[in-house]
Amino acid sequence: MKTSTAPTPSHRTWAEIDLDALRHNVAAVRAHLGARVQIMAVVKANAYGHGVGPVVAALAGRVEMFGVANLREALEVREQLADAAVFILGPALPEERAAIVARRFIPAVCSLDEARAYAALAGPEPCAVHLKIDTGMGRVGIWEDEASAAAREILTLPGLRVTGLASHLPVADEDDAFTRAQLARFHRLVAALRALGVSQPLVHVENSAGIIGFPAQAEDLVRAGLMLYGSAPRPEFQPRLRAVMTWKTRVTLLRTAPAGHGISYGRTFETTRPTRVATLAVGYADGYQRHLSGRGAEVLIRGVRCPVLGRVTMDQIVADVTALPEVAIGEEVVLLGRQGAEEILAAELATKAGTIAWEIFTGVGPRVERVYLFRK
Ligand SMILES: *Cc1c(COP(=O)(O)O)cnc(C)c1O
């Protein structure tokens, strides 16, 4: 049975987070890769806007590791799950390192200097690190052609234990030829680093798009972010996922605008007929992107797609509900997710806003209350 809080006066715009759907998506990743491949749930940026505490609690015992962007996020995961294995995806700032070592978070070491700094901070127990190799992303990591020389030196550092080797894919959803070649290069490099003495490393390279497109190259561990939240960066996998977030708002006002009346700032939309318009309690300050203005964005009311008219403002938008004469003030509106037979995917909003699904989720702001749904 689903439990939920009924909308209260504070629920002007809220996001319902379906933790059963989250678990379903983990199972879908598992089924796709086979039981041998471990899963790191990427829960950076407040679990892509879904709320890191409840997401981590729901995934306890269902994933092998959690991935975060920084020390503060790592601490948030541990607050929820005291024994969680937590990987920090990018380079730490120098002042973050002591706490990373003390709390046994696993850092991605991106340079020889960083490796030396971690080695110097280690206590009697060596500090476990993963070496991050840049095989094409061009963002962080040790350059691929310097990796062997760096590893040789890193392996001599007392106080450090290289327990993993990682890289990252820049175009796993856009360029299969590049990705296939990159995965092969990384695989060969891993073999060379093993030969140098990196023993039994946990090898990981794939994000969601990599997981979907290249399951046979998943190595030991994958870093799944977007797909766990129900959005597939390669559309062929979308039917196997369930949306975790349903973002809702409510109708605050209903009026009939005469023909020839401007709607919202800039008067970029003008009615061509008497139009039943609903004012909705959401705006760009909540994360409903202003770039959705005039781009054919729709909302769901009574399971029907209703066009958003004119510009998105800070706190309010206006929808055409002429087709729905029964709509009442206070009624629920779905901005993202399913209502009846219709569904608005993050990818749809992203395309219309000229951005990506990741930014749609992480943009849902703090004014949007999160309401958690789960099976008792
Ligand atoms: C964010 C991130 C991921 C997760 O990517 P998704 O596309 O959301 O699955 C994986 N690896 C690294 C290094 C990341 O920064």
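Higher on the page you've got the structure.
Residues numbered from 1 in each chain as written. Predicted model: local features only at pLDDT ≥ 70, side-chain atom pairs only at ≥ 80, totals over all residues. Heavy atoms only, no water.

S.K.: Can you tell me about the site of the ligand, naming the residues and giving the values?
M.R.: Around the ligand there are 14 residues in total, and Lys44, Tyr48, Ser208, Arg223 and Leu226 lie nearest to it. Within the contact set of the ligand, an oxygen atom lies 2.6 Å away from a side-chain nitrogen or oxygen of Ser208. Within the backbone of Gly225, a nitrogen or oxygen atom sits 2.9 Å from an oxygen atom of the ligand. Per-class residue counts for the shell around the ligand are six nonpolar, four polar and four charged. (Near = heavy atom within 4 Å. Polar contact = N/O pair within 3.5 Å; in protein donor to acceptor, adjacent residues only side chain to side chain. Nonpolar A, V, L, I, M, F, W, Y, C, P; charged D, E, K, R; others polar.)

S.K.: Account for the pairing of strand 15 (residues 298-301), with residues named and values stated.
M.R.: Bridge count for strand 15 against strand 16 (residues 304-309) is four bridges, and the pairing is antiparallel. Paired with Glu298 across the two strands is Pro307, which belongs to strand 16. (Pairing = 2+ DSSP bridges. Helix = DSSP H or I, 4+ residues; strand = E, 2+ residues; numbered from the N terminus.)

S.K.: Help me get a handle on the pattern of salt bridges, residues and values and all.
M.R.: Under the criterion given, the structure shown has 20 salt bridges. A salt bridge links Arg305 to Glu342; the nearest nitrogen and oxygen atoms lie 2.9 Å apart. Taken together, the residues Arg305 in strand 16 and Glu342 in strand 19 (residues 342-344) connect sequence positions 37 residues apart. Exposure remark for Arg305: the relative accessible area of 26% places this residue in the partly exposed category. Look at Glu342 and you get partly exposed, because its relative accessible area is 28%. Where Glu348 meets Arg305, a salt bridge forms, and the shortest distance between an N and an O atom there is 2.9 Å. Taken together, the positions of Glu348 in helix 10 (residues 346-353) and Arg305 in strand 16 put the pair 43 residues apart, joining distant regions of the chain. Salt bridges sharing partners connect three or more residues here, namely Glu298, Arg305, Glu342, Glu348 and Lys352. (Salt bridge = Lys/Arg side-chain N within 4 Å of Asp/Glu carboxyl O. Buried < 20%, exposed > 50% of the residue type's maximum accessible area, 1.4 Å probe, protein only.)

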